[in-house]
Every structure is written in C-alpha cells, then in structure tokens.
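Here is what each chain is made of, one letter per residue.
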Amino acid sequence: MNADREAASVQVEPPAPGRSGGVVPGPGLDEARALELLRRAGVGRVVYTVGALPAVLPVRFRLDPLGGVLLSTVPGSELARAVDGAVIAFEADEVDGADGTGWCVTVLGRAEVRRPSPAPGARAEIRIAPELVVGRHLLPGAA
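Residues numbered from 1 in each chain as written. Predicted model: local features only at pLDDT ≥ 70, side-chain atom pairs only at ≥ 80, totals over all residues. Heavy atoms only, no water.

1. As for the pairing of strand β5 (residues 69-73)
Part 1: By the criterion of burial, β5 is predominantly enclosed, with 4 of the 5 residues buried.
Part 2: The pairing of strand β4 (residues 62-63) with β5 spans 2 bridges and is classified as antiparallel. Each bridged residue has a counterpart across the sheet, and for Arg62 the counterpart in β5 is Leu70.
Part 3: What sits between β4 and β5 in their antiparallel hairpin is a turn of 5 residues, with Gly67 showing a positive phi close to 90°.
Part 4: Sheet topology note: the β5/strand β8 (residues 124-138) ladder contains 5 bridges and is antiparallel. The partner of Ser72 across the bridge, within β8, is Glu125. (Buried < 20%, exposed > 50% of the residue type's maximum accessible area, 1.4 Å probe, protein only. Helix = DSSP H or I, 4+ residues; strand = E, 2+ residues; numbered from the N terminus. Pairing = 2+ DSSP bridges.)

Set out below in structure tokens:
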C-alpha cells in the first residue's frame, strides 16, 4: 500500500479566509465535481442532535440551484423539531464494495424548516444552507 497515496485521500484544507461555502478540495474534487456527484446520489444521511446526543438518519434528498440540500418530512416530526435553526451535517457517498474506491461529499450548514400549506397530506421541507462543503475521492485500500 502506498502511504503517500493513502494520506492524500484524507487531507483537506480549511476554506480561504472570508470564504462562505464552496468545497474544501480533496484530491481531484473541485466544487463543480462535488455538486455533480452529490446531485446523482439518491440517498444520503442527515446528522443532527437529539437531547445533545448524535442522531443519523438516511434520507432521500435533492439539491436546489444554489447547492442547498432539500429534504422532505412530515410536519412536526422529530427530525423537523430537532433541526430547525440548528447547524447540521449531511453526507452522501458512493463506494465500490470490491475495492473501496469512490467519493464522499459532506455539507455543513444551518437547517430551515419550511412549513407546508394547510392542505391535507402536505409535507414540510427542510433546507440545509451550505456553509461548508467537503468533498474527496476514496482511494483503493485507504482506511
């Protein structure tokens, strides 16, 4: 195993001072590519807290034109109550089970719950405003 190559798969740099968002570059993964990969994923994981304890929930999602992550939920759900106004994380990835190669994109930002119309069965929408996006490739054999 090539130690330099493995180390490169986990190195990230902080965003430039004054930059509000964008991608923290990993090897070969710029902002356009990270968003392209994220758009093609159908399921991701939202990470939030409930009573100061971490919670992770797999969810279907989509991206808005500004890179915000949009989730749909039942109005008044535990998720909607826990995340409204909170800084949370969202992650999606694609990993080859045979060799471990793939990619991972994480979005950190403040969540806003948009209440639905009063129509029966309407769903609430959660938008995660991207404040920090970290994307990287997963290399063969990297842990």
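2. Thoughts on the side chain of Glu125
Part 1: In this fold, Glu125 is placed in strand β8.
Part 2: Reaching out from Glu125, the side chain makes a polar contact with the side chain of Arg62 at a distance of 3.0 Å.
Part 3: Beyond its immediate chain neighbours, meaning those up to four positions away, Glu125 contacts Arg62, Leu70, Leu71, Glu112, Val113 and Arg114. (Polar contact = N/O pair within 3.5 Å; in protein donor to acceptor, adjacent residues only side chain to side chain. Contact = heavy atoms within 4.5 Å.)

3. Description of the packing of aromatic side chains
Part 1: Here the structure, examined in full by the defined rule, presents 1 aromatic pair.
Part 2: Their ring planes at 65° and their centres at 4.7 Å tell us that Phe61 and Phe90 sit as a pair that is edge-to-face. Of the two residues, Phe61 sits in the loop between β3 (53-60) and β4 while Phe90 sits in strand β6 (residues 87-95), which places them 29 residues apart along the sequence.
Part 3: Phe90 sits in the buried class, given a relative accessible area of 0%. (Phe/Tyr/Trp six-rings, centres within 6.5 Å; stacked < 30°, edge-to-face > 60°.)

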